[in-house]
Amino acid sequence: MGSRSTISGDPRFGIVDGDEIVVLKGDPMFAGFDTTDERVPLAEARLLAPVIPRSKVVAVGKNYVDHVAEFGGEVPKEPLLFLKPNTSVIGPGDSIVLPHQSSRVDFEGELAVVIGSIARNVAEEDADSVIFGYTIANDVTARDLQKTDGQWARAKGFDTFCPLGPVIETEFVVASNTVRARLNGEVRQDAPLTDMVHSVASIVAYVSAAFTLLPGDVILTGTPAGVGRMVSGDVVDIEISGIGVLNNPVRG
């Protein structure tokens, strides 16, 4: 598992090995997995967002049938795309800040794809070759603004509206895992990743036909039913089996 961590000073990258982090010489996306002789206790490291997109976060809406049904819509025939700015990204333990412009902010637990190489017009069968790994995302949404604005840029794009983490899993099998979201310990979302309408491979192909994807770009793959409102003082946990748990408090 690749992760970015630091105790003090500049961020560093490492590989999670049990209860320790093996420190790498540089960013593995560009410098490979050359290790140093240093190990850091995982419990003593502050985990940051495991990737800060150099270019963009591309997200897919309405990609689970049950989520579409809970809002009374129709399943799109093709992936429904929108963008989140890279300034919306925060890491594990960082606070989701509720903007004063909204009175209804929701959590949305999702699988996130981290791109590892320049990708343009990628065929579905070649999608794995451009994926560096997978992490967890919370596609935080100002639901009232999403409805009133008519398009989703502001509702999805506030600062802190894209928590990512806790690590990047480079050996992840989508078909055998699930996504689960808990609000204050209560399970609100729980679905197998196979419930996605459009597969990861088809999404990568579709997105790369529109945008050149760069190393570090992130694709959010949609959320299942059970999204709900967060208020100040809440804690949201998004768990994906095979990756871990992304935990973020909420404050006003």
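Above: the structure in question.
All figures in this text were calculated on a predicted structure; none of them were measured in a lab.

Draft legend 1. Seen up close, unusual backbone geometry. Cis rather than trans, the peptide bond between Gly165 and Pro166 has omega equal to 0 degrees. You can see Pro166 is positioned in strand 14 (residues 162-169). The backbone of Asn184 shows a phi angle near 55 degrees, a positive value even though the residue is not glycine. For Asn184, a relative accessible area of 47% corresponds to the partly exposed category.

Draft legend 2. Spatial organisation of the packing of aromatic side chains. A full pass over the atoms with the stated rule returns 4 aromatic pairs. Geometrically, the ring pair formed by Phe33 and Phe132 is stacked, given 6.2 Å between the ring centres and 5 degrees between the ring planes. One end of the pair, Phe33, is in the loop between helix 1 (28-31) and strand 4 (35-41); the other, Phe132, is in strand 12 (residues 131-138), with 99 residues separating them in the sequence. You can call Phe132 buried: its relative accessible area is 16%.

Draft legend 3. Molecular detail of the sheet that holds strand 13 (residues 141-142). The sheet built from 3 strands is open, its strands ordered 13-10-18 with antiparallel pairing. In this open sheet, the two edge strands, each paired with only one partner strand, are strand 13 and strand 18 (228-230). One ladder, built from 2 bridges, connects strand 10 (residues 105-107) with strand 13; its direction is antiparallel. Directly across from Val105, in strand 13, lies its bridge partner Ala142.

Draft legend 4. View of the pairing of strand 11 (residues 109-115). Taking burial as the measure, the 7 residues of strand 11 include 7 buried ones, the bulk of the element. Residues Gly109, Leu111, Val113 and Ile115 of strand 11 are buried on one face, and the alternating residues Glu110, Ala112 and Val114, pointing to the opposite face, are buried as well. Of the strand pairs in this sheet, strand 11 and strand 12 are connected by 7 bridges, and their pairing is antiparallel. In the strand pairing of strand 12, Val113 is matched with Tyr134. As paired elements, strand 11 and strand 17 (residues 218-220) share 3 bridges and run antiparallel to each other. Bridge pairing in strand 17 links Ala112 to Leu220.

Rules behind the numbers
- Residues numbered from 1 in each chain as written.
- Predicted model: local features only at pLDDT ≥ 70, side-chain atom pairs only at ≥ 80, totals over all residues.
- Heavy atoms only, no water.
- Helix = DSSP H or I, 4+ residues; strand = E, 2+ residues; numbered from the N terminus.
- Buried < 20%, exposed > 50% of the residue type's maximum accessible area, 1.4 Å probe, protein only.
- Phe/Tyr/Trp six-rings, centres within 6.5 Å; stacked < 30°, edge-to-face > 60°.
- Pairing = 2+ DSSP bridges.

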